[in-house]
Amino acid sequence: MTTEGGLDVIGNFDVIKNAVERLKAAGVFVSIFIDPAADQIEAAKNAGAQQVELCTGEYAELTLGSRAMHGEVNAEPPPRSNASATPPSTPAR
């Protein structure tokens, strides 16, 4: 399952805890995708999640603006400067 943002573990605690318990009983490693908020992390732990994945959407929006939407960021590296990567050699005397 996926979401556009992180799951609201606090608001859906009983449902999520039940799902986590059933998945773990079936031998499934449980990771919950949540917003990076301490109370959501704590709720995920209390629900029995073995791992959390943090939604970075808000961070991406703040740092990249509209370019952050749906992977539209240009993945090309920044242009190289004209400076040489190695220092020039000193002429022999």
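It should be emphasised that the depicted structure is a prediction, and the values quoted were computed from it without experimental measurement.

To continue, consider the environment of glutamine 51. Inspection of the secondary structure puts glutamine 51 in strand 2 (residues 51-54). On the basis of relative accessibility, which here comes to 37%, the residue glutamine 51 falls in the partly exposed class. In sequence terms glutamine 51 and isoleucine 41 are 10 residues apart; their C-alpha atoms lie 9.5 Å from each other. Beyond its immediate stretch of four places on either side in the chain, glutamine 51 contacts Phe29, Val30, Ser31 and Ile32. Of the polar contacts made by the side chain of glutamine 51, one reaches the side chain of serine 31; its length is 3.2 Å.

Looking now at the pattern of salt bridges. This structure, assessed with the given rule, holds 1 salt bridge. One salt bridge in this structure joins glutamate 21 and lysine 17, with 3.1 Å as the shortest N-O distance. Of this pair, glutamate 21 and lysine 17 both sit in helix 1 (residues 13-25), separated by 4 residues, roughly a single helical turn.

Right, let's talk about the pairing of strand 1 (residues 31-34) for a bit. In strand 1, alternate side chains face the same way, and those of Ile32 and Ile34 are buried while those of Ser31 and Phe33 on the opposite face are not. Pairing between strand 1 and strand 2: 4 bridges, direction parallel. Each residue of the ladder has a partner; that of isoleucine 32, found in strand 2, is valine 52. Each parallel crossover has a hand, and the one from strand 1 via helix 2 (residues 38-46) to strand 2 is right-handed.

A separate point is the side chain of glutamine 40. Here glutamine 40 is to be found in helix 2. Other than its neighbours up to four places away in sequence, glutamine 40 contacts Leu7, Asp8, Val9, Ile10, Ile34 and Asp35.

A few words on the confidence of the model for the protein chain. Low pLDDT means the predicted atomic positions in that stretch should not be read closely. Chain-level pLDDT for the protein chain is 81 on average; 67% of the residues reach the 70-or-more range. For the protein chain, per-element mean pLDDT is lowest for helix 3 (residues 57-64), which scores 84, and highest for helix 1, which scores 98.

A few words now on a negative patch on the surface. A cluster of like negative charges, contributed by Asp8, Asp35, Asp39 and Glu58, occupies part of the molecular surface. With respect to the element layout, aspartate 8 can be found in the segment before helix 1.

Turning next to the nonpolar core. If you look at the biggest cluster of nonpolar residues, it comprises 10 residues: Val9, Ile16, Val20, Val30, Ile32, Ile34, Ala43, Ala44, Ala47 and Ala49. Those elements that place two or more of their residues in this core are helix 1, strand 1 and helix 2. Contacts of alanine 43, omitting those with residues within four sequence positions, involve Val9, Ile10 and Phe13.

This brings us to helix 2. Looking at helix 2, one finds that the buried residues are Gln40, Ala43 and Ala44. Seen end-on, helix 2 carries its buried residues on one side only, within an arc spanning 100°. Turned more than 90 degrees away from the buried face of helix 2 sit Ala38 and Lys45, all of them exposed. Where helix 2 is buried, its residues touch helix 1, strand 1 and strand 2.

Calculation notes
Residues numbered from 1 in each chain as written. Predicted model: local features only at pLDDT ≥ 70, side-chain atom pairs only at ≥ 80, totals over all residues. Heavy atoms only, no water. Helix = DSSP H or I, 4+ residues; strand = E, 2+ residues; numbered from the N terminus. Buried < 20%, exposed > 50% of the residue type's maximum accessible area, 1.4 Å probe, protein only. Contact = heavy atoms within 4.5 Å. Polar contact = N/O pair within 3.5 Å; in protein donor to acceptor, adjacent residues only side chain to side chain. Salt bridge = Lys/Arg side-chain N within 4 Å of Asp/Glu carboxyl O. Pairing = 2+ DSSP bridges. Right-handed = clockwise from strand over helix to strand, strands pointing away. pLDDT = per-residue confidence, 0-100. Patch = residues over 30% accessible without salt bridge, like charges linked within 9 Å, V, L, I, M, F, W, Y side chains within 5 Å. Areas by Shrake-Rupley, 256 points an atom, 1.4 Å probe, with all protein chains shown as cover. Lys, Arg positive; Asp, Glu negative; His and termini not counted. Charge placed at Lys NZ, Arg CZ, Asp CG, Glu CD. Core = buried A, V, L, I, M, F, W, Y, C linked by side-chain atoms within 4.5 Å. Arc of directions from axis to C-beta.

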